[in-house]
Amino acid sequence: MKDERPMDEWIKKLTEDSLEKRKLDRRKFLAGAGKIAGLSLGLTIAQSIGAFEVNAAPRFRNYPFTLGVASGDPLSDSVVLWTRLAPDPQNGGGMPNQAVPVKWEIANDENFTKVIQHGTELAQPNLAHSVHVEVEGLKPNKVYYYRFRSGNENSPIGKTKTLPEKGAEVSSMTFAFASCQQYEHGYYTAFQHMAEEELDLVIHLGDYIYEYGPNEYVSPSGNVRAHSGPEIITLEDYRNRYAQYRSDTNLKAAHAAFPWVVTWDDHEVENNYANMIPEKGQSVEAFVKRRAAAYQAYYEHMPLRRSSLPHGADMLLYRDFTYGNLAAFNVMDTRQYRDDQANGDGSKPPSEESMDPNRTLTGQEQEDWLISNLGNSKTHWNILAQQVFFAQRNYGTSTAPRFSMDAWDGYTASRQRITDFVQSKNLNNIIVLTGDVHASWACDLKADYDDPASKVIGAEFVGTSITSGGNGADKRADTDKIMGLNPHIKFFNDYRGYVRCTVTPEEWRTDYRVLPFVTSPGADISTRASFVYQKDQTGLKQAGSNVVPAGVKISAEVEEDRNLAHGKAHEKQMKKNLINIGQ
Ligand SMILES: [Fe+2]
């Protein structure tokens, strides 16, 4: 279907619409900027679009849709369609400093014989020529196909799906979740297999990119690809890094196949940052600028709504999605508002500082939002889609416990407030989804982890990484010790992959989909184990277990090795910085 309006008329209207949006965003931006006194954080976002020249009929020397297409943040009547014009993706994009119109269409069928809506957006240089189309007026629980066109070039075709209407009877849904895709550590075979699944949705829990320079963060099985530039700091650095990751065919295929709901962890900015506090070796002022650049590039490359448009170094990413009467997804951000890690971060015994009742991992507003959602929810399941390990996890000894200060174990008061609320309302349908730790785990959530008789209040499924950590193994040297110390933990596996969940009103089923290797392409995927959770407070039950035919059976690795690898990477960064200063 063609847009019949004369070219200059629709460009004028688009520019006016954008200006109108921009005015609103400018006001919001000014309000947000006040929080960080004395710093100019607008970057390019707050600048006027009126200054841009519009190139109505671009002629591309090179294919502009190199980063593919994506869709996300589905509602029952709406979805975001995403693409970015980037003929030279890893060198700033290769676009002129002009706004360029991009036409989009959405259809009932993949041949586009029944286009039901179409329109045009301006891809603007201040957002790296990305477009985020918020299509409205769609039917609930329905598959759609979409594509873009600019100049004479057509994008690949994407497939997406709306959510069922809030409260509608839903008998079942299937989704996958994933995290941690260090590009250098392996191939995205997991995404190749994910794209072939039948899924209603994909949830990404963060570490979509890693910030390191080439070979700074090395996996135990050796790096097999290399980051294309040094440690990323500036907006252009972050854009080029996203472009490198998103150029991967398998990642593009998974984005094109399903709507994604994304949230970030730390590496979208920097390892283990907390709110405005950098890892080490940077001034807070420099880090705030870095965070603003990182957040902007994240927005530019993800299928997010305008409500997530960054304002300086702030960006609203926590949000919720209701899937009929079946499930409510609370998608969380445990990085942007957290208190600094206690006890100097790392693996530490609990202390007065880590157990300080005033500590927060979520910030007050997000905690209030979560508690209110849990209290008001009428769905069969309530999900916390978030980043870091929620259940207690002692990986020291019984007499000298050690916990990750970056996870909820370092913010015990935050966890307790949520746990207490769940208990006070007698909720038995809480499911926590977690990334971050590059291994698969399954845990009963308990009111008190130190009391074996304490009630089960839900389940946590921790997904392994797509690649981070390299090939991994079926078991690690410390697996038996950790399982013995933490009887509420029911499963551990250290292969790469993703997690598939099938949800019905009565039962939650989780399949751990794993690969025996990622350092070369072509591994088969299989379900290493399946667990079911029912709302009878008897906890997780294993529903199946399979042997992965290839792959390392047991490795010499232990939990702390992950922190050490990041520490070594940081040392390399610091050495390079010293050399740079010396020059
Ligand atoms: Fe990670």
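Residues numbered from 1 in each chain as written. Predicted model: local features only at pLDDT ≥ 70, side-chain atom pairs only at ≥ 80, totals over all residues. Heavy atoms only, no water.

1. Structural notes on the coordination of the iron ion
For a metal bound by four donors in tetrahedral geometry, the ideal donor-metal-donor angle is 109.5 degrees, whereas six donors in octahedral geometry ideally sit at 90 or 180 degrees. Protein coordination of the iron ion is provided by Cys180 (SG), Asp207 (OD), Tyr210 (OH) and His438 (NE2), with donor distances spanning 2.1 to 2.6 Å. One can describe the donor arrangement at the iron ion as irregular, given that its four donor atoms subtend angles of 84 to 165° at the metal. For the iron ion, the single-chain donor residues occur in sequence as C-x26-D-x2-Y-x227-H. Of this pair, cysteine 180 sits in the loop between strand 10 (173–178) and helix 2 (189–194) while aspartate 207 is found in the loop between strand 11 (201–204) and helix 3 (235–246), placing the two residues 27 residues apart along the sequence. In this structure, cysteine 180 and aspartate 207 share a single accessibility class: buried. (Donors = N, O, S within 2.8 Å, 3.2 Å for Na, K, Ca; no water. Tetrahedral: all angles 85-135°; square planar, octahedral: opposite > 155°, others 65-115°. Helix = DSSP H or I, 4+ residues; strand = E, 2+ residues; numbered from the N terminus. Buried < 20%, exposed > 50% of the residue type's maximum accessible area, 1.4 Å probe, protein only.)

2. Focus: helix 6 (residues 364–376)
An ideal rise of 1.5 Å per residue puts 18 Å on 13 residues; helix 6 measures up with 18 Å between its terminal C-alpha atoms. Inspection of helix 6 places Gln366, Glu367, Trp369, Leu370, Ile371 and Leu374 among the buried residues, and these make up the whole buried set. Looking at the buried residues of helix 6, the elements they touch are strand 13 (319–323), strand 14 (327–331), strand 16 (381–385), helix 7 (412–424) and strand 18 (430–434). (Expected span 1.5 Å × (residues − 1). Contact = heavy atoms within 4.5 Å.)

3. Looking at the packing of aromatic side chains
For the structure on display, the rule yields 26 aromatic pairs. Look at tyrosine 210 and tyrosine 217: their rings are 5.8 Å apart centre to centre, the planes differ by 40°, and that puts the pair in the tilted class. Overall, tyrosine 210 belongs to the buried group, its relative accessible area being 0%. When its relative accessible area of 3% is taken as the criterion, tyrosine 217 is described as buried. An aromatic cluster of three or more residues is present, and its members are Phe175, Phe329, Trp381, Phe461, Trp508 and Tyr533. Geometry around phenylalanine 389 places arginine 393 over its ring, the cationic atom sitting 4.3 Å from the centre. (Phe/Tyr/Trp six-rings, centres within 6.5 Å; stacked < 30°, edge-to-face > 60°. Lys NZ or Arg CZ within 6 Å of the ring centre and 35° of its normal.)

4. Quick word on the environment of arginine 147
Take arginine 147: it is sitting in strand 7 (residues 143–150). Sequence separation between arginine 147 and serine 221 is 74 residues; the distance between their C-alpha atoms is 39 Å. Ignoring any residue separated from it by four or fewer positions in sequence, one finds arginine 147 in contact with Lys103, Trp104, Glu105, Phe112, Ser155, Pro156 and Ile157. Engagement of the side chain of arginine 147 in a polar contact is seen with the side chain of glutamate 105, the distance being 2.8 Å. (Polar contact = N/O pair within 3.5 Å; in protein donor to acceptor, adjacent residues only side chain to side chain.)

5. Some points on the packing of helix 6 against helix 7
Closest axis-to-axis distance for the helix 6/helix 7 pair is 10 Å, and the angle between their directions is 15°. Between helix 6 and helix 7, the angle is such that the two are roughly parallel. When you trace helix 6 past helix 7, the crossing you get is right-handed. Contacts between helix 6 and helix 7 involve Glu367, Leu370, Ile371, Leu374 and Gly375 on the former and, on the latter, Ser414, Arg417, Ile418, Phe421 and Val422. Each residue belonging to the contact of helix 6 with helix 7 can be placed in one class, and the counts come to six nonpolar, two polar and two charged. (Axes fitted to C-alpha atoms, helices over the stretch in contact; angles between N-to-C directions. Parallel < 35°, antiparallel > 145°, perpendicular 65-115°, else oblique. Left-handed = near helix turned anticlockwise from the far one by under 90°. Nonpolar A, V, L, I, M, F, W, Y, C, P; charged D, E, K, R; others polar.)

6. Brief notes about the confidence of the model for the protein chain
With 90% of its residues at a pLDDT of at least 70, the protein chain reaches an overall mean of 91. Under a pLDDT of 50 for its full length, residues 1–8 has, in the predicted model, 11 contacts with residues more than four places off or in other chains. (pLDDT = per-residue confidence, 0-100.)

7. Regarding the pairing of strand 20 (residues 456–462)
Taking burial as the measure, the seven residues of strand 20 include seven buried ones, the bulk of the element. Taken together, the five bridges between strand 18 and strand 20 define a ladder with parallel strand orientation. If you follow valine 432 over to strand 20, its bridge partner there is glutamate 460. Strand direction decides the pairing type here: strand 19 (residues 440–446) and strand 20, joined by six bridges, are antiparallel. The residue of strand 20 that forms the bridge with cysteine 443 is glutamate 460. (Pairing = 2+ DSSP bridges.)

8. Here's the deal with the nonpolar core
Nonpolar side chains tend toward joint burial in soluble globular proteins. With 50 residues, the main nonpolar core has Phe191, Met194, Tyr238, Trp260, Tyr298, Leu304 and Met315 as its most contacted residues. Broken down by secondary-structure element, the contributors of at least two residues to this core are strand 10, helix 2, helix 3, helix 4 (249–257), strand 12 (259–262), helix 5 (284–301) and helix 9 (560–582). The element best represented in this core is helix 5, accounting for seven residues. Apart from residues lying up to four places away in sequence, leucine 304 is in contact with Asp73, Val80, His132, Val262, Tyr298, Tyr299, Met315, Leu317 and Arg319. (Core = buried A, V, L, I, M, F, W, Y, C linked by side-chain atoms within 4.5 Å.)

9. Here's the deal with the pattern of salt bridges
The full count for this structure, using the stated rule, is 29 salt bridges. Between aspartate 406 and arginine 338 there is a salt bridge whose closest N-O contact spans 3.0 Å. Here aspartate 406 is found in the loop between strand 17 (403–404) and helix 7, whereas its partner arginine 338 is found in the loop between strand 14 and strand 15 (347–348), with 68 residues between them in sequence. Take arginine 338: its relative accessible area is 1%, and that puts it in the buried class. In this structure, arginine 415 engages aspartate 409 in a salt bridge whose closest nitrogen and oxygen atoms are separated by 2.9 Å. As far as burial versus exposure is concerned, arginine 415 and aspartate 409 are alike and both buried. Within this structure, Glu197, Arg500, Arg509, Asp511 and Arg513 form a network of salt bridges that share partners. (Salt bridge = Lys/Arg side-chain N within 4 Å of Asp/Glu carboxyl O.)

10. Here's the deal with helix 3
With 12 residues, helix 3 should cover 16 Å at 1.5 Å per step; its first-to-last C-alpha distance of 16 Å lies within 8% of that length. Across the 12 residues of helix 3, 10 count as buried, placing the element largely inside the fold. Turning to helix 3, its buried residues are Leu235, Tyr238, Arg239, Asn240, Arg241, Tyr242, Ala243, Gln244, Tyr245 and Arg246. Buried residues belonging to helix 3 abut strand 2 (69–72), strand 3 (79–84), helix 4 and helix 5.

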